[in-house]
Amino acid sequence: MATSREFRRAVLGLHQSVLDRAMVDLAADFAQLLRLDMFGFFIEEPGVSGLAGLPFAREFRMLGREWRPLDVERIAREMELSALTARRLVTQAAAAHRISCSFEVVRARTEQAIASISQASDIVIIAEPKSAVDRIAGAFPGLAAAAFRSKASVLLLPRRVARAHGPIAALAAAPGDPAIDAALSIAAAARENAVILAEFDRASADATLPAAGLEFARLPAGMLANERYISSVLDRYRERLLVVTRGALGEGAEPLLLSLASARGVPVLIVEPAETGH
Amino acid sequence: MQSDNLMNSKSPAVSALSVDRLYRPVDPAGLPFQSTAELAPVEGLVGQGRALDAIRFGTGIDKPGFNLFVIGQPDARMRETVRSLLQHAAKEQRRPSDWVYVNNFKEPHKPVAIEMPAGRAPEFRAAMQELIDDLKAALPAVFNSEEYQTRRGAIDEAFQKRQGEAFSELQAKATAKSIAILRTPLGFALAPMRNGEVIPPAEFNAWPEEKRKETQETIAELERELEQIMRRLPQWEKERRDDIRTLNQETARVAVDQSVEEVKGKFSGLATVAEHLEHVRTDLIENVGIFIMKGEEGERPNDEGPAGGPFDRYQVNVLVSQADHEGGAPVVEEQHATLQNLIGRVEHVARQGVLITNFRLIKPGALHRANGGYLLLDVRSVLTEAFAWPALKRALRRREIVIEDVGRLIGLSTTVSLEPDPIPLDLKVVLFGDRLLYFLLAAYDPELNEHFKVLADFEDDIDRSPESERVLGQLVAAIVRRENLKPMDRDAVALVIERAARIAGHSGKLSLLTEQIRDLLAEADFWAGQAGRATVTGADVRQATDRKIERASRLRDRMQEMILQKVALIDTAGERIGQLNGLSVIELGGFAFGRPSRITCQVRPGTGKVVDIEREVELGGPIHSKGVLILSGFLAGRFALDTPMSLYASLVFEQSYSGVEGDSASSAELYTMLSALADAPLRQDLAVTGSVNQHGEVQAIGGVNEKIEGFFDICEKRGLTGTQGVLIPEANVQHLMLRNDVVEACAAGRFAVYPIATIDQGIALLTGREAGVRGADGRYPGDSIYGRVEDRLRAFAAVRRSFATSVTPEGNKS
């Protein structure tokens, strides 16, 4: 039986490589939808700050496409400016969506920062950078890995969102899958329908499901982790958000979820399994 | 010779004119009706055969430059008449084309003009609006389709994959060599690492030099590879944008082609429309971004430009359309002929403090609206508006309408404006004006005849005959009917006809100034209504005439009052030497009245000069001065031919404080001079008007009725003595249409009007002495006026001669 989720904060980790207004607005949009407070933090990686102390350190500037020497003061100043920018983006987005927010600058490695800040009642929002380079070499891999390792739920925001309206879809491995409960809650809040793609019959979960505003799609066994198959089924519904329980698609399914979010242009919410949820 | 006859023949005594010469009434027998309700109306082209022929010719000839210039008196209702004629003719003519302006996609500042069949422009405008509305719905749907999203996602993924693969390879190589690729706020940097963490500088510096050098070389090699990848990114990005643009255009083409073809189908056969639609198709496909969601990465077209809203460029500006026009050619009348009202204008709107414009803000002028038909203009209005006359001529010469910015013409405009396509011009311009303007233009504007080759000159009057009186009666009936006035009885019509003769200033003519006749009819209708009559009678016409004069006569009354109170000195009885009553006419605000003026003359020996005091003080006009100079000619040719003229004479209009113009007082001035020379008194109970030539013939003048009435009024108010009267040129007798009270006084022998042909007749009447005829000895009789004049002049010559011989050449007395 699915249990009701009680999320409190939408936690948005920002890095100097990921300062995208549209992404912050989208995060605030979801925080408003889920009635969460917003908590933004800027990760100031000590490794980057320390670079300037190396005798040969230099930086390849994206603007101008040229190598420039690094110095401690400039790096510090640019970091500070990036943090201020991040704060401004978060507070403006929260104000625009009329949600409360707070902001911190965390000087730590990305994995440590996520681990120290996130709580089980949080949704950590990870935004996929638009640039492939940033997805590979920036903070994104570290942020995503830390978020997946944390106790919090995770919301993956794709670099391009395909639509602003549509049903809330859940991938459910079993009748009591928490993704079902989360999807129903969000659908009710967003006044959208819910769609459940499940590897079980509706009858086995019918008692816990609402009669109206819900569609149910029975998947063949073993297809829940098949990206192409899932995607072809979801094409019929044109979902706005996909909810899945961590581990429901098997261990190490994070790349699959990232790929699914990116390919469909749909945010993916990964909730904690019931035994660790509230 | 005529002059010899005049000098040698004795003039017959002048008799006062009989009553039938003073006013020509209408013969009621010529008006066979009781009321105008019985008459078949005749429209306003009575007696205008010449003008009508000109208008028919002007409208019929289809050659450049044969535009019409219609001239005549302002009250002739030329405009109404011509408009009515043209509207009638225009119904039989072809409806002209519609014209629209559309955007020029290659050069937006040069909007394109498209000619369309009559009445179809609004349809084209609606079709284009529908096209855009359809695409606003269809294009977003196409771009939101799964197919598009899939293809678009594939392009993005291909790009991401390309980027990712290149960078992943580098990342893997770096990781294998324990080198971290770090993202800095503004770029990338490489650093040695261990267990995923950057080696602190202090530790690195503690490494053996060889190890440090090796690490640095590794980093340098990886930096080169990083740089290569980074330098390829813009090209990959460009390729991605190109792929997306191609995809967008392919996707858009599906919806655009269908919509554009639908519009083309509606206007098949119109090549210019089809050509424009091809430009629209191309532009729609290239700028499809304005129809689909905003904020698309890198695909937002420029939707803020001088053309205003992003969809404006596809709309149609209907400049002129015949859709609401019943049929035939247009007849357009422009009352306010400014440059912009004539040739159209390009309006601007303020946006963020800047004046901008686009093809939709092109507004038509009268030339556009009248194109293919007729444009009626008042020439005075055109001439008094800056740039309007030259612009009209330019348009007629070029045979096309070019919208010109007045600000640019005078070099003031600094805003961005348009250069719309010229529109071919094919119309007849009809100018209305008075004769003076036409003649001035003809004299001073050599281009007038190039553009206005057809003159339609409206007659002011027609010859009076029983037939013309009857036709005028029908014209009155037409006006009564058109103006919805009460019918008029025969007496009333007769009075109106007689009034028409008075307006014409000629008992043998009838005025065609129908505006004045219409006013009289309207006022008579009013008074009939006041009296509770259903039919307008003669009494109403008389009252209308009298009350109109009364309303306008304040100034006349004040002037007469000044004479009666002897502020202005005018004698109406007795005799005076060198003094006579002259007559002038004052016309103010359309009301004319006569006013007597005292003319005096003083003579003495001199050098033969007649001094016109009015001219000396610059109060006399050139024609008046000419009249005075003629007097010298008269004296020189008639008296003391063997003696140098040794006269000094001064002539003046007494108590005249404003300008004096015209030569109608020259006979009176001559009489006063003869009186002064002959020392013979002149009758003050008579007034004189008429000009004179050097042979002593009295010539016609204007305003004879008003002049007689002006002197009559003074005499009548002082009490008519029975001897009072006015001397008028004999040639003016035909013009007499005197007021009823004057005629009645003459009939009763209390006032008289004398027709004067020569000075001899006039001086005899004024002095009671014979003018004089040279006898066989070549001399005038000694007691005749001329004999006394000649004696006086010889005496002046003798005085001058004696004075000359008493002075040495050096100026000393001998």
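The structure displayed is predicted, hence computed values, not measured ones.

1. Re the overall build of chain B
Now for step 1: What chain B contains, in helices and strands, is 27 helices and 30 strands.
Now for step 2: Within the span of chain B, comprising 814 residues, buried residues form 50% of the whole.
Now for step 3: In chain B, the proportion of contacts linking residues at least 24 apart, taken out of those at least 6 apart, comes to 77%.
Now for step 4: Here chain B has roughly 37,200 Å² of accessible surface; of this, 50% comes from carbon and sulfur atoms.

2. Digging into the sheet that holds strand 13 (residues 374–378) of chain B
Residue and element names in this part refer to chain B.
Now for step 1: Taken in spatial order, the 5 strands make up an open sheet running 8-13-16-1-17, and their pairing is parallel. The two strands at the open ends of the sheet, each matched to only one other strand, are strand 8 (331–334) and strand 17 (454–457). Put simply, the sheet's adjacent strands are angled 20° from each other on average, direction ignored.
Now for step 2: Sheet topology note: the strand 13/strand 16 (residues 428–433) ladder contains 5 bridges and is parallel.

3. Considering the side chain of Gln 684 of chain B
Now for step 1: Relative to the helices and strands, Gln 684 of chain B is located in the loop between strand 25 (681–683) and strand 26 (686–688).
Now for step 2: Among residues more than four places away in sequence, those in contact with Gln 684 of chain B are Asp 571, Thr 572, Ala 573, Gly 574, Glu 575, Arg 576, Gln 579, Leu 580, Asn 581 and Phe 711 of chain B.

4. Here we look at the pattern of salt bridges
A pair can form between side chains of opposite charge whenever their charged atoms are brought close.
Residues and elements named next belong to chain B.
Now for step 1: One pass over the full model with this rule turns up 82 salt bridges over all chains.
Now for step 2: A salt bridge links Arg 518 to Glu 483; its shortest N-O distance comes to 3.3 Å. Of this pair, Arg 518 sits in helix 18 (residues 514–530) while Glu 483 is found in the loop between helix 16 (466–482) and helix 17 (490–504), placing the two residues 35 residues apart along the sequence.
Now for step 3: Across the salt bridge formed by Arg 739 and Asp 713, the nearest N and O atoms sit 2.5 Å from each other. Highlighted residues: Arg 739 in the loop between strand 29 (725–729) and helix 25 (740–747) and Asp 713 in helix 24 (residues 704–718), separated in sequence by 26 residues.

5. Notes on the sheet that holds strand 2 (residues 98–102) of chain B
Where strands meet in a sheet, backbone hydrogen bonds hold them as pairs that are either parallel or antiparallel.
All names here are of chain B.
Now for step 1: In space, the 3 strands of this open sheet follow the order 3-2-7, with antiparallel pairing throughout. The sheet terminates laterally at strand 3 (112–116) and strand 7 (316–320), the two strands that pair on one side only. Along the sheet, successive strands turn relative to each other by an average axial angle of 30°, direction set aside.
Now for step 2: Relative to strand 3, strand 2 runs antiparallel, the two being bridged by 5 bridges. Counterpart to Val 102 in the pairing with strand 3 is Val 112.
Now for step 3: In the packing of helix 8 (residues 271–286) onto the sheet, contacts are made with strand 2 and strand 3, and the angle to strand 3 comes to roughly 140°.

6. Let's talk about unusual backbone geometry
Residues and elements named next belong to chain B.
Now for step 1: Unlike most non-glycine residues, Phe 387 shows phi in positive territory, near 70°.
Now for step 2: Inspection of the secondary structure puts Phe 387 in the loop between helix 11 (379–384) and helix 12 (388–398).
Now for step 3: Residue Phe 387 is classed as partly exposed on the basis of its relative accessible area, which comes to 31%.
Now for step 4: For Asp 679, which is not glycine, the phi dihedral falls at a positive 55°.
Now for step 5: Within the secondary structure, Asp 679 sits in the loop between helix 23 (666–678) and strand 25.

7. So, a nonpolar patch on the surface
Residues and elements named next belong to chain B.
Now for step 1: Judged by side-chain polarity, Leu 436, Leu 440 and Tyr 444 come together as a nonpolar surface patch covering roughly 370 Å² of accessible area.
Now for step 2: Along the chain, Leu 440 turns up in helix 14 (residues 435–444).
Now for step 3: Residue classification places Leu 440 among the partly exposed residues on the basis of a relative accessible area of 38%.

8. Considerations on the domain arrangement of chain B
All names here are of chain B.
Now for step 1: Splitting chain B by domain gives domain 1 (13–47 + 459–552), domain 2 (121–290) and domain 3 (558–804).
Now for step 2: Computed from C-alpha coordinates alone, the two centres of domain 1 and domain 3 are separated by 36 Å.
Now for step 3: Taken together, the contact pairs 19 residues of domain 1 with 21 residues of domain 3.
Now for step 4: For the pair domain 1 and domain 3, the two sides together bury roughly 1,800 Å², of which 68% comes from carbon and sulfur.
Now for step 5: Looking only at domain 1, the three residues that lose the most surface to domain 3 are Val 14, Leu 22 and Arg 502, adding up to 39% of its buried area.
Now for step 6: Taken together, the links from domain 1 to domain 3 amount to 2 salt bridges.
Now for step 7: Here Arg 502 makes a salt bridge to Glu 709, at a shortest N to O gap of 2.7 Å.
Now for step 8: The tally of links between domain 1 and domain 3 comes to 7 residue pairs in polar contact (both at pLDDT 80 or more).
Now for step 9: Put simply, the parts of the chain that give the side of domain 1 that touches domain 3 at least two residues each are helix 17 and helix 19 (538–552).
Now for step 10: Looking at the side of domain 1 that touches domain 3 element by element, the count peaks at 3 residues for helix 17.
Now for step 11: Residue classes in the side of domain 1 that touches domain 3 are distributed as 9 nonpolar, 5 polar and 5 charged.

9. Side note on the confidence of the model for chain B
Atom-level detail of predicted coordinates should not be read off regions where pLDDT is low.
Residues and elements named next belong to chain B.
Now for step 1: In the predicted model, chain B carries a mean pLDDT of 88, and 94% of its residues have values of at least 70.
Now for step 2: Every residue in residues 1–8 scores below 50 in pLDDT, and together they form 14 contacts with partners more than four places removed in sequence or on other chains.
Now for step 3: With pLDDT under 50 throughout, residues 295–307 is counted as low confidence; its partners more than four residues away or in other chains account for 24 contacts.

10. What to know about the interface of chain B and chain A
Now for step 1: The interface is formed by 41 residues belonging to chain B together with 38 residues belonging to chain A.
Now for step 2: Regarding the contact of chain B and chain A, the summed buried area is about 3,600 Å², with carbon and sulfur atoms giving 59% of it.
Now for step 3: It is Arg 183, Pro 185 and Leu 186 of chain B in chain B that bury the most area against chain A; as a group they hold 19% of the surface buried on that side.
Now for step 4: At the surface where chain B touches chain A, the tally comes to 3 salt bridges.
Now for step 5: Put simply, Arg 159 of chain A and Glu 157 of chain B hold a salt bridge, and the shortest N to O gap is 2.5 Å.
Now for step 6: Between the two partners, chain B and chain A, sit 12 residue pairs in polar contact (both at pLDDT 80 or more).
Now for step 7: Sorting the residues of the side of chain B that touches chain A by element identifies helix 5 (146–176), strand 4 (179–183), strand 5 (187–194), strand 6 (197–198), helix 6 (201–206) and helix 7 (209–266) of chain B as the ones contributing at least two each.
Now for step 8: Looking at which element gives the most residues to the side of chain B that touches chain A, the answer is helix 5 of chain B, with 12 residues.
Now for step 9: Residue composition of the side of chain B that touches chain A, grouped by class: 19 nonpolar, 13 polar and 9 charged.
Now for step 10: Looking at chain direction, strand 3 (residues 58–61) of chain A and strand 5 of chain B are connected through 3 bridges and run antiparallel.

Basis of the calculations
- Residues numbered from 1 in each chain as written.
- Chains lettered and ligands numbered in written order.
- Predicted model: local features only at pLDDT ≥ 70, side-chain atom pairs only at ≥ 80, totals over all residues.
- Heavy atoms only, no water.
- Helix = DSSP H or I, 4+ residues; strand = E, 2+ residues; numbered from the N terminus.
- Buried < 20%, exposed > 50% of the residue type's maximum accessible area, 1.4 Å probe, protein only.
- Contact = heavy atoms within 4.5 Å.
- Areas by Shrake-Rupley, 256 points an atom, 1.4 Å probe, with all protein chains shown as cover.
- Pairing = 2+ DSSP bridges.
- Axes fitted to C-alpha atoms, helices over the stretch in contact; angles between N-to-C directions.
- Salt bridge = Lys/Arg side-chain N within 4 Å of Asp/Glu carboxyl O.
- Patch = residues over 30% accessible without salt bridge, like charges linked within 9 Å, V, L, I, M, F, W, Y side chains within 5 Å.
- Domains from an automatic or database assignment.
- Buried area = accessible area lost by both parts, 1.4 Å probe.
- Polar contact = N/O pair within 3.5 Å; in protein donor to acceptor, adjacent residues only side chain to side chain.
- Nonpolar A, V, L, I, M, F, W, Y, C, P; charged D, E, K, R; others polar.
- pLDDT = per-residue confidence, 0-100.

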